[in-house]
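# Breakdown of the fold
So the chains spell out like this:
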Amino acid sequence: MAIVTGKKNRWRVWAAHAFLIALIAITIFPLLAVISISLRPGNFSTGSLIPSEISFEHWKLALGIGYMGADGKWVAPPFPVLLWLWNSIKIASISAILILAISTTAAYAFARLKFRFKAPILNGMLLLQMFPAVLTLVAIYAIFETIGNHIPWLGIESHGGVILAYLGGIATHVWTIKGYFETIPTEIEENAKVDGATHWQAFYRVLLPMAIPILMVVFVLAFIGTIIEYPVASILLREEPNLTLAVGSKYFLQDQKYLWGDFAAAAVLSGLPITLVFLFAQRWIVSGLTAGGVKG
Amino acid sequence: MSTLTTAKPGVSTDWAQLMKWPLTIALGAAMLYLVFNVYAAGQAMWALGLLTLTCAAFYSYLSNIGFAYRYLFPGLAGMAIFVAFPLLYTMQIGFTNYSSSNLLSFERSSRYLLDQSIPDEATTHSYTVHREGDTLRLALSKADGAGALVTDAFASNFDGANPLRATPQVASQSLGTALSMRDIIANRETLQRVKITLPTGETLNYSGLREFARLTPVWKQNADGSITKTESGESFSPNGTTGFFENAKGDKLQPGYTVGVGFANYSRMINDPDFRAPFFAIFIWTVVFAGLTVIFVTAVGVTLAVLLNWEALRFRTVYRTLLFLPYAVPGFISILVFKGLFNQNFGEINAILDALFGVKPAWFADPLRAKVMLLIVNVWLGFPYIMVLCAGLIKSIPADLYEASAIAGASPLTNFFKITLPLIIKPLSPLLVMVFAFNFNNFVLIALLTDGRPDFLNTKIPAGTNDILVSYTYRIAFKDSGQDFGLAAAISTVMFFMVAAMSIWNLRLASKEINRGSGSGK
């Protein structure tokens, strides 16, 4: 902008810097505090942001290693954090792969194939997605109880059941991938078909390799979406060894058993990788935000 | 399927062609077996649904008519089963009394009652268990000491297929030492399967860790569906409105069964004064919570977006990344971090407030402070989203508008209220409706931060002062408020309509935006 800057403007710049720095201090204070708390000895200590005495006791517990307490008693890890992390990663990876597979094929049909009721089906899917799963928890619980009576590895208390429950949330992903497919010219696939390729080959060998960037984005979105999911996992998983991190973490902070320091270490340990993945994928996620996805 | 296999001519194609039909038939047989099992378990509707789904799948993949549906089927099935069906099923549950006291179907509830049995005093024998190598043997004796009996030996993993014969004990026969109570408990599951035939022809069943006895059923079924207590002749008949077996006085037998109750759950929301008061308070708070969140989040987000778009400012990328952080941290972690930070006695926030102002507010015990805390945390979680959205919208405003206003000597505030705000508010409004709808159902925040507590003091069903509708529903269904699935489903159904209304509102705003956009593009 070709605007002449004056003296008045200079103090405005300084004021803006001061305001932003103050706001950033408030914003990142909780994140710095939790790192600091994870390094302080004891579960009830308060102190300065830079701990005066560094102790790795909470980190040991978070990593599943016990330690000898000051009073000579062996302190065992209160919760299997690494097991929960593994459960979360397992469920999120498998769900994300399956979600990616079924949304890619559906998006291909919407972008390239002609069939009846195309627009109503797509609109219906997008409309259905507006109703969050948290409103239908009673039905989801009843459904998986019934499924579990016949196929135990897909019922309540099974990771298979949780993964299955996550496979419904594909409409936004279908929309995203469909949009990307539509930017790829159809001529390339048509040429492949002229050369004798079938529909499936044109899709699998020609279109998909060109769409790898968007597939990676959708994979990351689906992965993050399922790894942070709380309501459905909390009704389907109840027993300690089965829990995901999102469900298990709250047990650190119960009124009768308040493990603030241990929680802090577990939170940093598990939150950091997810945050880094999110920041890494930020560029694409931000462009998808306007499509109406609100993160929980 | 066949399209898959024509890729490479030659061996692999032949092999795949050869395998196609056996695989299809095997899969079909497996699905039919499952359908049959479900049907045999008495769940005819579920079996029908599964059969329909299986047929749809086979039709899509085997016929040429539904070609596009081969690609669509998995996605559509996933949405139908896990999004659409739960919606309808929830509505249906809302019209029943499905709850922890009426959990079973009628058949299973009556089967449970008819299976109940009591030991017959006259045939009660106490027993001891004796080990002989790998086998066990029972020695029975009556309370009066007469007629000691010994059973056949049986293995410790005995399956109970045929009854054991009991014969009078011969004096010379030694049985070895009796097992201790602890060992009997260890073998309890085997003992429960044992049936003993006495020399008189009577059959005895396991009736405890010390006794075997003839078991007589407590209930007898009558032709009209009612059941009669064998002992007293008292009769209980099924009541189709309450879902219990009841006698003439109205005494109920547990467990009850699930029946349709019409609009009873809905009328409770309006007519039951004990329920209505907290329900309406929670509804109001839900709207206030979502509304205030949208207002604060928008205020903070728009301000930051405008500031970060100011080219005179240096380090904008650094600022933007740091301000985006709350959005990147997983919600369940940051909410729990705040739960710890807001702790009254050893939370960092009270430590700072104490040092600065000498106050230590009880964030979790006082209803109003808990609400303030929820809003603070929610604004922290939500503003980066609005900030990023607005940054994009502001970028698309033509720069010459600001140049013109600079020539006119306008202040930054005038610029904001006369140019920026009017131009971004319209594309922003459908997204703000979505933010409202999201927070209307923001279950995770409430569940992890306060769990709705502190509770109202004067309600029959526990209800939290800062519960929102969705967390209250969760509490009614899955926690301490009676596991009343029917009532929870009815409230959920009401919420479906609210969400639908918000979605329509959002779509109307969005389509207006599109029309306006295409109009100005000409």
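Residues numbered from 1 in each chain as written. Chains lettered and ligands numbered in written order. Predicted model: local features only at pLDDT ≥ 70, side-chain atom pairs only at ≥ 80, totals over all residues. Heavy atoms only, no water.

What follows deals with the overall build of chain A. Along its length, chain A carries 14 helices and 4 strands. Relative to a compact globule of 296 residues, whose C-alpha radius of gyration would be 19 Å, chain A shows 25 Å and is clearly more extended. Considering only C-alpha atoms, chain A reaches an extent of 75 × 75 × 35 Å along its principal axes. In chain A, buried positions account for 51% of the 296 residues. For chain A, the share of sequence-separated contacts (at least 6 apart) that also reach a separation of at least 24 residues comes to 64%. Surface exposure of chain A reaches about 13,900 Å², of which carbon and sulfur atoms provide 68%. Charge separation in chain A, taken as the distance between the mean sites of 20 positive and 15 negative side-chain charges, equals 13 Å. (Helix = DSSP H or I, 4+ residues; strand = E, 2+ residues; numbered from the N terminus. Rg over C-alpha atoms; globule rule 2.2 N^0.38 Å. Buried < 20%, exposed > 50% of the residue type's maximum accessible area, 1.4 Å probe, protein only. Contact = heavy atoms within 4.5 Å. Areas by Shrake-Rupley, 256 points an atom, 1.4 Å probe, with all protein chains shown as cover. Lys, Arg positive; Asp, Glu negative; His and termini not counted. Charge placed at Lys NZ, Arg CZ, Asp CG, Glu CD.)

What follows covers the environment of tyrosine 251 of chain A. Residue and element names in this part refer to chain A. Looking at the element boundaries, tyrosine 251 is found in the loop between α12 (245-248) and β3 (253-254). Residue tyrosine 251 is classed as partly exposed on the basis of its relative accessible area, which comes to 29%. Once the C-alpha coordinates of tyrosine 251 and threonine 27 are considered, the two residues, 224 residues apart in sequence, prove to be 25 Å apart. With near-sequence residues (within four places) excluded, tyrosine 251 lies in contact with Phe79, Leu243 and Lys257.

This part is about the confidence of the model for chain B. All names here are of chain B. The predicted model of chain B has a mean per-residue pLDDT of 84, with 93% of residues at 70 or higher. Ranking the elements of chain B by mean pLDDT puts helix α1 (residues 2-5) last with 42 and helix α16 (residues 443-449) first with 94. Counting interchain partners and residues more than four positions distant, the pLDDT-below-50 stretch residues 1-12 has 17 contacts. In this model residues 517-522 is a low-confidence stretch, pLDDT under 50, and it forms 0 contacts with partners more than four residues away in sequence or in other chains. Reported for the predicted complex are a pTM of 0.83 and an ipTM of 0.89. (pLDDT = per-residue confidence, 0-100.)

This part takes up the sheet that holds strand β14 (residues 244-246) of chain B. All names here are of chain B. Spatial ordering of the open sheet is given by β11-β12-β13-β14-β15, a layout of 5 strands whose pairing is antiparallel. Strands with a single pairing partner mark the edges of an open sheet, and in this sheet they are β11 (219-221) and β15 (252-253). Here strand β13 (residues 235-239) pairs with β14 via 3 bridges, running antiparallel. Among the inter-strand pairings, asparagine 239 is bridged to a residue of β14, identified as phenylalanine 244. (Pairing = 2+ DSSP bridges.)

Residues and elements named next belong to chain B. Here strand β2 (residues 125-132) pairs with strand β3 (residues 135-142) via 8 bridges, running antiparallel. Following the sheet pairing, histidine 130 is matched in β3 by arginine 137. With antiparallel pairing between neighbouring strands as the criterion, β2 and β3 make up a hairpin whose turn holds 2 residues, including glycine 133 at a positive phi of roughly 65°. Pairing geometry for β3 and strand β5 (residues 154-155), over 2 bridges, is antiparallel. Pairing of threonine 135 across the sheet is with alanine 155, part of β5.

Bringing the packing of aromatic side chains into the picture now. All names here are of chain B. Summed over the entire model, instances satisfying the criterion amount to 49 aromatic pairs over all chains. Their ring planes at 85° and their centres at 6.0 Å tell us that tyrosine 206 and phenylalanine 212 sit as a pair that is edge-to-face. Judged by its relative accessible area of 0%, phenylalanine 212 falls in the buried class. Ring plane angle 20° and centroid distance 5.6 Å describe the contact between phenylalanine 275 and phenylalanine 279, whose orientation is recorded as stacked. One end of the pair is phenylalanine 275 and the other is phenylalanine 279, both in helix α9 (residues 273-308) and 4 residues apart, which spans about a single turn. A residue is classified by how much of its surface remains accessible, and phenylalanine 279, at 8% relative accessible area, is buried. (Phe/Tyr/Trp six-rings, centres within 6.5 Å; stacked < 30°, edge-to-face > 60°.)

How big an interface is tends to be stated in terms of the accessible area lost upon association of its parts. In this assembly, 103 residues from chain A lie in contact with 99 residues from chain B. At the boundary of chain A with chain B, total buried surface from both sides reaches about 9,000 Å², with 79% on carbon and sulfur atoms. In this assembly, chain A and chain B are joined by 1 salt bridge. Ionic pairing is found between arginine 40 of chain A and glutamate 348 of chain B, a salt bridge with its closest N-O pair at 2.9 Å. Looking at which element gives the most residues to the side of chain A that touches chain B, the answer is helix α1 (residues 7-39) of chain A, with 19 residues. Here the residues of the side of chain A that touches chain B sort into 69 nonpolar, 25 polar and 9 charged. (Buried area = accessible area lost by both parts, 1.4 Å probe. Salt bridge = Lys/Arg side-chain N within 4 Å of Asp/Glu carboxyl O. Nonpolar A, V, L, I, M, F, W, Y, C, P; charged D, E, K, R; others polar.)

A cluster of nonpolar side chains, namely Leu32, Ile35, Leu49 and Ile50 of chain A, defines an oily patch on the protein surface of about 380 Å² accessible area. Structurally, isoleucine 50 of chain A is set in the loop between α1 and α2 (57-62). (Patch = residues over 30% accessible without salt bridge, like charges linked within 9 Å, V, L, I, M, F, W, Y side chains within 5 Å.)

In this chain, arginine 453 of chain B is followed by proline 454 of chain B through a cis amide linkage whose omega measures 5°. For proline 454 of chain B, the location among the structural elements is in the loop between α16 and α17 (469-478). Within the chain, glutamate 157 of chain A stands out as a residue other than glycine whose phi angle is a positive 65°. Tracing the backbone through its elements, the reader meets glutamate 157 of chain A in the loop between α5 (137-150) and α6 (159-166). With a relative accessible area of 22%, glutamate 157 of chain A lands in the partly exposed category. In the Ramachandran plot, aspartate 451 of chain B falls in the positive-phi region, its phi being about 60° despite a non-glycine side chain. Within the fold, aspartate 451 of chain B resides in the loop between α16 and α17.

Our next topic: the pattern of salt bridges. Throughout the structure, instances matching the rule amount to 13 salt bridges over all chains. One salt bridge in this structure joins lysine 178 of chain A and glutamate 182 of chain A, with 3.2 Å as the shortest N-O distance. Note that lysine 178 of chain A and glutamate 182 of chain A are positioned in helix α7 (residues 171-183) at a spacing of 4 residues, about one turn of the helix. Taking relative accessible area as the criterion, glutamate 182 of chain A reaches 45% and is therefore assigned partly exposed. Put simply, arginine 475 of chain B and aspartate 467 of chain B hold a salt bridge, and the shortest N to O gap is 3.3 Å. Of the two residues examined, arginine 475 of chain B and aspartate 467 of chain B, each falls in the buried class.

Before going further, it helps to examine the pairing of strand β6 (residues 164-168) of chain B. All names here are of chain B. One ladder, built from 3 bridges, connects strand β4 (residues 149-151) with β6; its direction is antiparallel. For valine 150, the partnering residue across the bridge sits in β6 and is threonine 167. Relative to strand β7 (residues 195-197), β6 is paired through 2 bridges, and the arrangement is parallel. Bridge assignment links arginine 165 to a residue of β7, and that residue is threonine 197.

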